[in-house]
Amino acid sequence: MTSARWGLLIHCVCVVFTHSGKTQELEEQQPSVEQELRRLMETPEHLKSSWHNEREKELMKKLMEIVNDRNAIVEGLDDDRLREEEEDEQLNRMMKDFNIKKEKPKKKSPMSKLFGWGGKKETP
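Parameters at a glance
- Residues numbered from 1 in each chain as written.
- Predicted model: local features only at pLDDT ≥ 70, side-chain atom pairs only at ≥ 80, totals over all residues.
- Heavy atoms only, no water.
- Helix = DSSP H or I, 4+ residues; strand = E, 2+ residues; numbered from the N terminus.
- Buried < 20%, exposed > 50% of the residue type's maximum accessible area, 1.4 Å probe, protein only.
- Contact = heavy atoms within 4.5 Å.
- pLDDT = per-residue confidence, 0-100.
- Core = buried A, V, L, I, M, F, W, Y, C linked by side-chain atoms within 4.5 Å.
- Patch = residues over 30% accessible without salt bridge, like charges linked within 9 Å, V, L, I, M, F, W, Y side chains within 5 Å.
- Areas by Shrake-Rupley, 256 points an atom, 1.4 Å probe, with all protein chains shown as cover.
- Salt bridge = Lys/Arg side-chain N within 4 Å of Asp/Glu carboxyl O.

- Per an unreviewed UniProt entry, the chain goes by MICAL-like protein 2 and derives from Takifugu flavidus.

## Concerning the overall build of the chain
Working step 1: When its secondary structure is counted, the chain shows 3 helices and 0 strands.
Working step 2: Moving toward the C terminus, one meets the helices and strands of the chain in the order α-α-α.
Working step 3: Looking at the 124 residues of the chain, the share that counts as buried comes to 13%.
Working step 4: Contacts spanning at least 24 positions in sequence make up 60% of the contacts within the chain whose residues lie at least 6 apart.

## Section: the confidence of the model for the chain
Interpretation of the predicted coordinates at a detailed level should be avoided for regions scoring low in pLDDT.
Working step 1: On average, residues of the chain score 79 in pLDDT, and 65% of them are at 70 or above.
Working step 2: Considering each helix and strand of the chain separately, the mean pLDDT is smallest for helix H3 (residues 110-115), with a value of 60, and largest for helix H2 (residues 50-103), with 88.

## So, the nonpolar core
The nonpolar side chains of soluble globular proteins are, as a tendency, buried together.
Working step 1: Counting residues in each nonpolar core, the largest one holds 8 residues, listed as Leu26, Val33, Leu37, Leu40, Leu59, Leu63, Ile66 and Ile73.
Working step 2: When residues of this core are traced back to their parent elements, those giving at least two are helix H1 (3-42) and H2.

## Examining a nonpolar patch on the surface
Working step 1: Where nonpolar side chains cluster on the molecular surface, the patch consists of Met41, Met60 and Met64 and spans about 280 Å² of accessible area.
Working step 2: Inspection of the secondary structure puts Met41 in helix H1.
Working step 3: Its relative accessible area of 47% is what places Met41 among the partly exposed residues.

## Digging into the environment of Lys57
Working step 1: Mapped onto the elements, Lys57 comes out in helix H2.
Working step 2: On the accessibility criterion, Lys57 (55% relative accessible area) is exposed.
Working step 3: Sequence separation between Lys57 and Leu37 is 20 residues, and the spatial gap between their C-alpha atoms is 9.0 Å.

## Overview of the pattern of salt bridges
Oppositely charged side chains can pair when the atoms bearing their charge come close.
Working step 1: For the coordinates displayed, the defined rule picks out 9 salt bridges.
Working step 2: The partner of Arg83 in a salt bridge is Asp80, with the nearest N and O atoms 2.7 Å apart. Placement of both Arg83 and Asp80 in helix H2 is noted, with a separation of 3 residues, approximately one turn of the helix.
Working step 3: Given the relative accessible area of 40%, Arg83 is considered partly exposed.
Working step 4: According to the relative accessible area criterion, Asp80 is buried, its value standing at 17%.

Structure below.
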């Protein structure tokens, strides 16, 4: 594996760990926000104070932020995966092209054809 590929691998591992830490934090926040919001929404409207209504708005906003952040992480990881697949395809094409070029027999120069240079030596 080339040093460039190792560098890319290390970068990907760092990105995954960073995203997984943030994802875990969001996953831990979401249930408590949902639970409190559900509890407040179950309260009959005539019993709600302005504090209840404000708190519902805050929790709804917080829940939307959590969902949007989680979606952004998933989209980012998906974009990274697609970019890595494209890079792998490009690398594979380059390697294939290199191997094809490498395997092509070298053309003999016109001089070697005339004088028999570079050909196989015949044994007597």
